[in-house]
Amino acid sequence: MAMHWFTYCLDEAVRSLWRQRGSVAFSVLTIAAALLVLGGFLLVSVNLDRAVSKWSAAAEFSVYLRDDISQDQRVSLNTLLAGHPVVASREYVSKADAAQRFKRDFPDLAAGLGDLPQNPLPASIEVRLHPRRADAAAVEAFARELQQAPGVADVRFDRRWLERLAGIATGLRWAGWMLGGVLIAAAVLTVATVVRLALHARRDEVDIMQLMGAPISLLRGPLVFEGLLQGGLGALVALAVLYPVSLIVRQQFAAALGPALDLALVGFLPPGVSVLLVLGGMAVGCAGGFVAARHVR
Amino acid sequence: MIETSHVSKVYGRGIYALRDVSVVIEKGEFVFLTGPSGAGKSTLLRLLLRQETPSEGSVTVAGRDLARLSLRQAQTYRRTLGFVFQDFKLIPSKTVLDNVGLVPRVLGATSVQQQRRTFQVLKWLGLQHRMNAYPLELSGGEQQRVAIARALVNEPSLILADEPTGNLDPDLSLEIMNLFRDINARGTTVLVATHDRELMRHVGRRTLTLDHGRLVDT
């Protein structure tokens, strides 16, 4: 019986969609527009999250040492770093190593550095942070502690901008949900209107079926399925538009920012999110269909 | 089979469509329901179809008090009925086969059962060669025969017909009425609302006459 119900509802819904394909196309495009906005915001925030996550994993302190640091101070600093939970690993960079890096990274200025009577670059310890344990508060406190440690000239911590970026990603996601939510509400109403038009077109059929003693699920089912199919189609259209747009935007970024941006980080929505978007579209359509189906009693 | 007991139906501000109607129709009977326009014929049929409930009194069909049926029970009850209307009420976008096959389909019959039963009924009514036609491609008489096929396909115990010959010429009307007589001969109870006295005289069955909502002749 459930199989019969399913095939009947699907069959009737497909026929009805085909019969009024003009208004259905309008409804599908409305859903697609709503999901395109939501999907666009999700795409940007997902990529920002990816970047933040990757850059967070690579985040590090640079602890610059005073030239006159004593052996005892060096040992106690190493002990402090070795025992702290946010520290994943550390690497000592001597004054000579720092000079070598400078010459490699800035070859035009390398000659100037060689002309100086002595190497002005300080030795440092590069501290790589543990991505899971290094929350903002713990890292801030540790940075302050290191700043006060004897033998330390300065602590450079490059994490704050990452947190700002993460905040922007969260903000974008919320903006997407809010704007998408409004558009989705409009899409639900559009689907409901289109399905009600279909119901009016099939009014005689529904009346006859009621006289035959058709169960209410068989009268309402095709209407809900109509909405569901419209929603699914709308979501697929949104994804079909979003994918090439994301490729074009990526190419534009490549031209504008070049090597400064790691393009390997930029990608399309993860498969799970894409599937959720389609299911979400179907849920939106289903809601619209259900609103219309309530008129069948 | 059918028993109405002191049935009244009031619409709006005290307008009686039916007033104190009590009648019994036995199983297997063929009964005409007649009277002038506005006499209450269609109202009585709507009560029997359980599209409405009486304002007073009770309507019992095959032991069921229709006013007491839940929505689900009303659906089950309607599956035991066949109905035929003056305007045929066929679905224009479906073929003859699909219009008639809709009933077993809606009631959950398998595809093979649907086709077998639908074809049997269409063949009995001489419509097998019109199976793939659409209603608007058929004559009035053919359309009404399709409507009768749809009413019969579920093997109902009671057929209700509201002015089934109202849109047909006299020859076709007689043909349709003979069909109802054949259906009745197979044991199905038939109640036909009509104001065609010639037809009633020709068929010669019991007649219930309504006038201004009252039963004036049984």
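Along every chain, residues carry numbers that run from 1 in the direction the sequence is written. In the order they appear in the text, chains get letters beginning with A and ligands get numbers beginning with 1. At least 70 in pLDDT is required for a residue's local features to be given in this predicted model, at least 80 for side-chain atom pairs to be given and counted, and no such filter applies to totals for whole chains, interfaces and linings, which use all residues.

Further remarks concern the overall build of chain A. Counting from the N terminus, the helices are DSSP H or I runs at least four residues long and the strands are E runs at least two residues long. Along its length, chain A carries ten helices and four strands. Partly exposed residues are those whose C-beta has more than 12 but fewer than 20 other C-beta atoms within 10 Å; with 20 or more the residue is buried, with 12 or fewer it is exposed, and the C-beta atoms are placed from the backbone. A buried classification covers 31% of the 297 residues belonging to chain A. Throughout, a residue-residue contact means that the two C-beta atoms, derived from backbone geometry, are no farther apart than 7 Å. Across chain A, every contact between residues at least 6 apart in sequence was considered, and the portion connecting residues at least 24 apart equals 91%.

The helix and strand tally for chain B stands at seven helices and ten strands. Considering only intrachain contacts with a sequence separation of at least 6, the fraction spanning at least 24 residues in chain B is 69%.

What follows is about the interface of chain A and chain B. At the interface, 13 residues of chain A touch 13 residues of chain B. When residues of the side of chain A that touches chain B are traced back to their parent elements, those giving at least two are helix H1 (2-19) and helix H8 (203-212) of chain A. Ten residue types, Ala, Val, Leu, Ile, Met, Phe, Trp, Tyr, Cys and Pro, are classed as nonpolar, four, Asp, Glu, Lys and Arg, as charged, and the remainder, Gly among them, as polar. Split by residue class, the side of chain A that touches chain B holds nine nonpolar, two polar and two charged.

Looking now at the sheet that holds strand E7 (residues 158-162) of chain B. All names here are of chain B. Any two strands between which DSSP finds at least two bridges are classified as paired. Read across the open sheet, the six strands follow the order E6-E7-E8-E3-E9-E10; overall the sheet is mixed. Single-partner strands in this sheet number two, and they are strand E6 (81-85) and strand E10 (214-217). For this sheet the average axis-to-axis angle between neighbouring strands, irrespective of direction, equals 20°. By the bridge criterion, three bridges tie strand E9 (residues 206-211) to E10 in an arrangement that is antiparallel. Of the residues in E10, the one forming a bridge with aspartate 211 is arginine 214. What counts as an axis is a line fitted to C-alpha atoms, over the stretch in contact for a helix, and the angles between N-to-C directions run from 0 to 180 degrees. Its contacts with the sheet put helix H1 (residues 41-48) on strand E3 (30-34), E7, strand E8 (189-193) and E9, and the angle it makes with E7 is roughly 150°. Strands E3, E7 and E8 of the sheet are contacted by helix H6 (residues 170-185), whose axis makes an angle of about 155° with E8.

Turning our attention to the nonpolar core. By size, the foremost hydrophobic cluster in this structure holds 103 residues, and its most contacted members are Ile31(A), Leu35(A), Leu33(B) and Ala149(B). Dropping the residues within four chain positions of it, Ala149(B) is found in contact with Val100(B), Val121(B), Leu122(B), Leu125(B) and Leu127(B). In terms of nonpolar packing, the next biggest core, distinct from the first, is built from 13 residues, Val63(A), Ile125(A), Val139(A) and Val152(A) among them. For the purposes of this analysis, a nonpolar core is taken to be any set of buried Ala, Val, Leu, Ile, Met, Phe, Trp, Tyr and Cys residues that are connected through C-beta atoms within 7 Å.

Residue and element names in this part refer to chain B. At a closest axis distance of 7 Å, the pairing of helix H3 (residues 96-106) and helix H5 (residues 140-152) adopts a crossing angle of 25°. Classified by the angle their axes make, H3 and H5 are roughly parallel. H5 is crossed by H3, and the crossing has right-handed handedness. Between H3 and H5, the contacting residues are Val96, Asn99, Val100 and Val103 on the first element and Val146, Ala149 and Arg150 on the second. Among the residues making up the contact of H3 with H5, the classes are represented as five nonpolar, one polar and one charged. For classification purposes, angles smaller than 35 degrees are called roughly parallel, those larger than 145 roughly antiparallel, those between 65 and 115 roughly perpendicular, and all remaining angles oblique. Helix crossings are classified by the rotation of the near helix relative to the far one: an anticlockwise turn of less than a right angle makes the crossing left-handed, while a clockwise turn makes it right-handed.

On to the pairing of E9(B), then. All names here are of chain B. Note: E3 against E9, four bridges, orientation parallel. Residue phenylalanine 32 lies in a different strand from E9, and its bridge partner there is threonine 207. Hairpin geometry of E9 and E10 is characterised by an intervening segment of two residues between the two adjacent antiparallel strands and by a positive phi of about 50° at histidine 212.

A few words now on helix H10 (residues 271-293) of chain A. Multiplying one less than the number of residues by 1.5 Å gives the expected span of a helix. The end-to-end C-alpha distance of H10(A) is 32 Å, a good match for the 33 Å that 23 residues give at a rise of 1.5 Å each. Listed in full, the buried residues belonging to H10(A) are Leu277(A), Gly280(A), Gly281(A), Met282(A), Val284(A), Gly285(A), Cys286(A), Ala287(A), Gly288(A), Gly289(A), Ala292(A) and Ala293(A).

Looking at chain A, pLDDT values average 82 and 89% of them are 70 or higher. Every residue carries a pLDDT, the predictor's confidence in it, which falls somewhere between 0 and 100. Averaged pLDDT values over the elements of chain A bottom out at 79 in helix H5 (residues 110-115) of chain A and peak at 89 in helix H3 (residues 71-83) of chain A.

Residues and elements named next belong to chain B. Between H3 and helix H4 (residues 111-124), the shortest axis-to-axis distance is 9 Å and the interhelical angle comes to 125°. Comparing their axes, H4 and H3 come out oblique. For the element pair H3 and H4, the recorded crossing hand is right-handed. Where H3 abuts H4, its residues Val96, Leu97, Val100, Gly101, Pro104 and Arg105 lie against Gln113, Gln114, Arg117, Thr118, Val121 and Leu122.

Moving on: H1(B). Residues and elements named next belong to chain B. Judged by how many residues are buried, H1 sits mostly within the fold: six of eight residues are covered. All of the buried residues in H1 are Lys41, Thr43, Leu44, Leu45, Leu47 and Leu48. Trailing H1 by a residue or two, arginine 50 shows a phi angle of about 65°, which is positive.

Next up on the list: the environment of Phe32(B). Residue and element names in this part refer to chain B. Position of phenylalanine 32 relative to the elements: it lies in strand E3. What makes phenylalanine 32 buried here is the crowd of 24 C-beta atoms within 10 Å. For the pair phenylalanine 32 and leucine 191, spaced 159 residues apart in sequence, the C-alpha to C-alpha distance is 5.8 Å. If sequence neighbours within four positions are ignored, phenylalanine 32 has contacts with Val192, Thr194, Met200, Arg205, Thr207 and Leu208.

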